[in-house]
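Inside the fold
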2 protein chains.
Amino acid sequence: MKIIEGGVTAAQGFEAAGVAAAIKYQDRKDMAMVYSRTPCKAAGVFTSNVVKAAPVRWDKEVVAHSPYVQAVIVNSGIANAATGGQGYDCCRRTAEKTAELVGISADAVLVASTGVIGSQLPIDRILAGVEKLAADKEDTQEAGTMAAEAIMTTDTVSKQAAAQIELGGRTVTVGGMCKGAGMIHPNMCTMLGFVTTDIAISKELLQEALSEDVIDTFNMISVDGDTSTNDTLVVLSNGMAGNPEITVKNEDYEKFKEALHYVNETLAKMMAGDGEGATALFETKVIHAATKQEARILSRSVIGSNLCKAAIYGHDANFGRFLCALGYSGVNFDPDKVELYFENNKKSMLIYKDGMAADYSEAEASQILASPEVRVLVDMHMGDAESTAWGCDLSYDYVKINADYRS
Amino acid sequence: MKIIEGGVTAAQGFEAAGVAAAIKYQDRKDMAMVYSRTPCKAAGVFTSNVVKAAPVRWDKEVVAHSPYVQAVIVNSGIANAATGGQGYDCCRRTAEKTAELVGISADAVLVASTGVIGSQLPIDRILAGVEKLAADKEDTQEAGTMAAEAIMTTDTVSKQAAAQIELGGRTVTVGGMCKGAGMIHPNMCTMLGFVTTDIAISKELLQEALSEDVIDTFNMISVDGDTSTNDTLVVLSNGMAGNPEITVKNEDYEKFKEALHYVNETLAKMMAGDGEGATALFETKVIHAATKQEARILSRSVIGSNLCKAAIYGHDANFGRFLCALGYSGVNFDPDKVELYFENNKKSMLIYKDGMAADYSEAEASQILASPEVRVLVDMHMGDAESTAWGCDLSYDYVKINADYRS
């Protein structure tokens, strides 16, 4: 696998655009389009929240029942959630307009929204935005970046990743973009993520690869514990790489999963590190857990704890909070057997062992916690399973951003 | 039932004291004692965290196996959690010293600690503190207040409540104190709570009344979602009221439960409203839920959401966040049937109905959210069950307090 630059336009045959449509923000891009020159197979995972935004309901139908997908229209600023029949109608009209402009069927168009819940979309401006997008779309890397920028809300950086593999002498590319920042605690998937690939693969295996991979990527991050109403992750594959179509779980399938995993994990980590108000990426790796599921629960419990997050922000080696978060996770263990380490890219420091504090230097521990990427390593000494979760610290700015969000 | 002033010394035969022992803080009270002149039956509920502080392990033994309990020693500043064998030894020595000074058995002494996890208690200062407490203890209301003040950590006010009932011509009193502020998300009970009563009741019914009542009081509050290693709630009954001993669930038992519920609920609400950095008590009442358990899950999900808490802090009627928190709670429901109201002590305002925003005034809604006690009323339109949960808003000061806690 080769890591390359780019995002949703990295794979062959995909175009994108990002334009300013004055949906809620002024003077910034707020609508994006992803388009494939040929029909795609689509796989998707969506929020588990009972309150599902209108575009989530639309997309679930399309992914499940449409023969193919060829375009995605996204807007930022307004989530189109808690908007009743009017909201769903807006999805339909957006898809119809897009279909008419690019000459495809309306049920081949996915839509996605992110932003404030409870407001109606300004349909006239949405439709005008679709016209601009359809006119602007290109297959360049710049066009992919424009799209990645247009889907941002409180994100501070746009998020893209891409990788290539060789299958049967053909180069296959997987690229994606996502947005995160707040209301991030994905359950079945993330806020908004779009992955494109020119691989030839059956729809069933595309969905299986995606569903399996989100468990240890997007579902392992949390910014604030709030699972959004709009979480959507979609993968489109148009087959243009010309590889022998993957219809069974062979070696090619494993190579594809590796590339997909790289893109998903990279985007997920970018999302965690760019959480609202974040000053650091806060990773927790649990090793030697009894089962994989317990490793996941333990690592997620730590990165989800407000007190652990505030300790990272304060560079305070208050290890009891990490131990406490393991303890209330619901997993049973013997605290006397656990070892805790604080780590950054250069150092690893033993903090807790044999049921009490290890003999460590507070100053050095604090220095580690001041790194832009902080890892807490937890050795459970129970078995062979491991898992990693990613979050961010809890800062004044998180509160500021969310107390002032709509004002 | 009559609500009265006072706390742990309100009931007959109970004494208390609060002294400065320099455990961690300087120039403030940090050790407390509760003492009964006669032997008490004891009931307790303790943290469900796998990582249990040494005093929690000590107390569970005492409540389960000691024939009677007569004293409680509490310190604030250091939690005596993650302290290995040395930490447990400290509990034993504290109990032995207390026992020697007041002439009881060491296994009749409960101990409790609250503060930073992972530091060892200064045993010499603890034992010196016990001497002062044993010398100072009194049965006055002031002594009860001194004790309530001594157990505070980041609490801004001390927390006491008391009530009286009449049983068989005798006045029975129930009084209590607690401390909360951070790492508050009780599961089986709260950070530290002590309730005393002069009622005559069997140990079994005392425990049953307590265990039942915490479900809808202390277990329904959350400050930050972190279930502490030290959560302890203990009730001591010395029988001095002289009522006919309650040994079956008769009318007297129901009256006692009412008084106990008043004291527990009042203390729990005080703890929520005085959460770290809080500017408001944030109550969520769910009505017409399908089952009591679903009503509890729904109301707890809303008061536990960082985004809802930040909206309260910002006085932002961003109702989608409340709907979102109901949606990811795990309870299934039809969002189109739910109604949301924002309320304070004077007004109730319909915010969401029929799957979309109601026609409300943003300015008036914001005014309601600026009240010191804010209630979100959720009508599920599914059944007859209801539940209330209490939390607080999320402010800059929460982050400040927890980023700077040990420094």
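To keep things clear, this report deals only with the structure shown in the data block. Because the structure is a prediction, the values reported are computed rather than measured.

Think of interface size as the accessible area that goes away when the parts come together; that is how it is often given. Between chain A and chain B, the residue contacts involve 55 residues of the former and 55 residues of the latter. Joining chain A to chain B, the criterion identifies 0 salt bridges. At the boundary of chain A with chain B, the tally comes to 11 residue pairs in polar contact (both at pLDDT 80 or more). Those elements giving two or more residues to the side of chain A that touches chain B turn out to be helix 2 (84-102), helix 8 (306-313), helix 9 (320-327), strand 13 (356-357) and helix 11 (396-403) of chain A. In terms of residue count, helix 11 of chain A provides more of the side of chain A that touches chain B than any other element does, 6 residues in total. Class assignment for the residues of the side of chain A that touches chain B results in 27 nonpolar, 21 polar and 7 charged.

A few words now on the side chain of Asn238 of chain B. Residue and element names in this part refer to chain B. Along the chain, the position of Asn238 falls in the loop between strand 9 (232-237) and helix 6 (251-273). Overall, Asn238 belongs to the buried group, its relative accessible area being 9%. Within the structure, the side chain of Asn238 is placed 3.3 Å from the side chain of Ser36, a separation counted as a polar contact. Beyond its immediate sequence surroundings of up to four residues, Asn238 is in contact with Gln12, Gly13, Phe14, Ser36, Thr38, Pro39, Cys40, Thr197, Asp198 and Ile199.

Residues and elements named next belong to chain B. Pairing in this open sheet of 6 strands is mixed, and the strands run 13-12-11-14-10-15 from one edge to the other. Edge positions in the open sheet fall to strand 13 (356-357) and strand 15 (385-392), since each of these has one partner strand only. Bridge count between strand 10 (residues 281-289) and strand 14 (residues 373-379): 7 bridges; the pairing is parallel. Considered in strand 14, the bridge of Val286 is made with Val378. The strands that helix 7 (residues 292-304) touches are strand 10 and strand 15; relative to strand 15, the one it contacts most, it runs at about 20°. Helix 9 (residues 320-327) rests against strand 10, strand 11 (339-343), strand 12 (348-353) and strand 14 of the sheet, and its axis sits at about 125° to strand 11.

Here we take up helix 7 (residues 292-304) of chain A. Residue and element names in this part refer to chain A. If you check helix 7, its first and last C-alpha atoms are 18 Å apart, about what 13 residues at 1.5 Å a residue would give, namely 18 Å. Listed in full, the buried residues belonging to helix 7 are Ala295, Arg296, Leu298, Ser299, Ser301, Val302 and Ile303. Check the buried side of helix 7 and you find it contacts helix 5 (203-215), strand 10 (281-289), helix 8, helix 9 and strand 15 (385-392).

Another point: the sheet that holds strand 11 (residues 339-343) of chain A. All names here are of chain A. In spatial order, the strands read 13-12-11-14-10-15; together these 6 strands make up an open sheet with mixed pairing. Where the open sheet ends on each side, the last strands, each with one partner, are strand 13 and strand 15. Packing of helix 9 onto the sheet brings it into contact with strand 10, strand 11, strand 12 (348-353) and strand 14 (373-379), and relative to strand 11 it is tilted by some 125°.

With that out of the way, let us pick up the side chain of Glu15 of chain B. Along the polypeptide, Glu15 of chain B turns up in strand 2 (residues 14-19). Not counting chain neighbours up to four residues away, the residues in contact with Glu15 of chain B comprise Thr9, Met33, Val34, Tyr35, Arg37, Lys137, Glu138 and Asp139 of chain B.

Residue and element names in this part refer to chain A. Position of Arg375 among the secondary structure elements: in strand 14. For Arg375, a relative accessible area of 23% translates into the label partly exposed. Aside from chain neighbours lying at most four places away, what touches Arg375 is Glu283, Lys285, Tyr341, Phe342 and Glu343. Here the side chain of Arg375 touches Glu283 through a polar contact of 2.9 Å, side chain to side chain.

By a simple turn and slide, chain A fits onto chain B: the slide is 0.0 Å along the axis, the RMSD is 0.0 Å, and the turn is 180°. This pairing of chains is accounted for by a two-fold axis. When C-alpha positions in chain A are compared against the rotation axis, the closest is assigned to Tyr396 of chain A, at 2.6 Å. Both copies contact each other with a shared surface, as 100% of the interface residues of chain A are interface residues in chain B too.

On to the pairing of strand 11 of chain A. Residue and element names in this part refer to chain A. Summarising burial for strand 11: 5 of the 5 residues are buried, a large majority. Alternating positions in strand 11 separate into two faces, Glu339, Tyr341 and Glu343 on one and Leu340 and Phe342 on the other, with burial throughout. The pairing of strand 11 with strand 14 spans 5 bridges and is antiparallel. Along strand 14, the bridge assignment pairs Phe342 with Val376. Here strand 11 pairs with strand 12 via 4 bridges, running antiparallel. Among the inter-strand pairings, Phe342 is bridged to a residue of strand 12, identified as Met349. Where strand 11 folds back on strand 12, the antiparallel hairpin that results is connected by 4 residues.

The next point concerns helix 10 (residues 362-369) of chain B. All names here are of chain B. Inspection of helix 10 places Ala365, Ile368 and Leu369 among the buried residues, and these make up the whole buried set. Seen from one end, helix 10 has its buried residues packed into an arc of 100°, which puts them on one side. Residues of helix 10 that are exposed and angled more than 90 degrees away from the buried face: Ala363 and Gln367. Buried residues along helix 10 sit in contact with helix 8 (306-313), strand 11, strand 12 and strand 14.

Cut-offs applied
- Residues numbered from 1 in each chain as written.
- Chains lettered and ligands numbered in written order.
- Predicted model: local features only at pLDDT ≥ 70, side-chain atom pairs only at ≥ 80, totals over all residues.
- Heavy atoms only, no water.
- Contact = heavy atoms within 4.5 Å.
- Salt bridge = Lys/Arg side-chain N within 4 Å of Asp/Glu carboxyl O.
- Polar contact = N/O pair within 3.5 Å; in protein donor to acceptor, adjacent residues only side chain to side chain.
- Helix = DSSP H or I, 4+ residues; strand = E, 2+ residues; numbered from the N terminus.
- Nonpolar A, V, L, I, M, F, W, Y, C, P; charged D, E, K, R; others polar.
- Buried < 20%, exposed > 50% of the residue type's maximum accessible area, 1.4 Å probe, protein only.
- Pairing = 2+ DSSP bridges.
- Axes fitted to C-alpha atoms, helices over the stretch in contact; angles between N-to-C directions.
- Expected span 1.5 Å × (residues − 1).
- Least-squares fit on C-alpha atoms with pLDDT ≥ 70 in both.
- Arc of directions from axis to C-beta.

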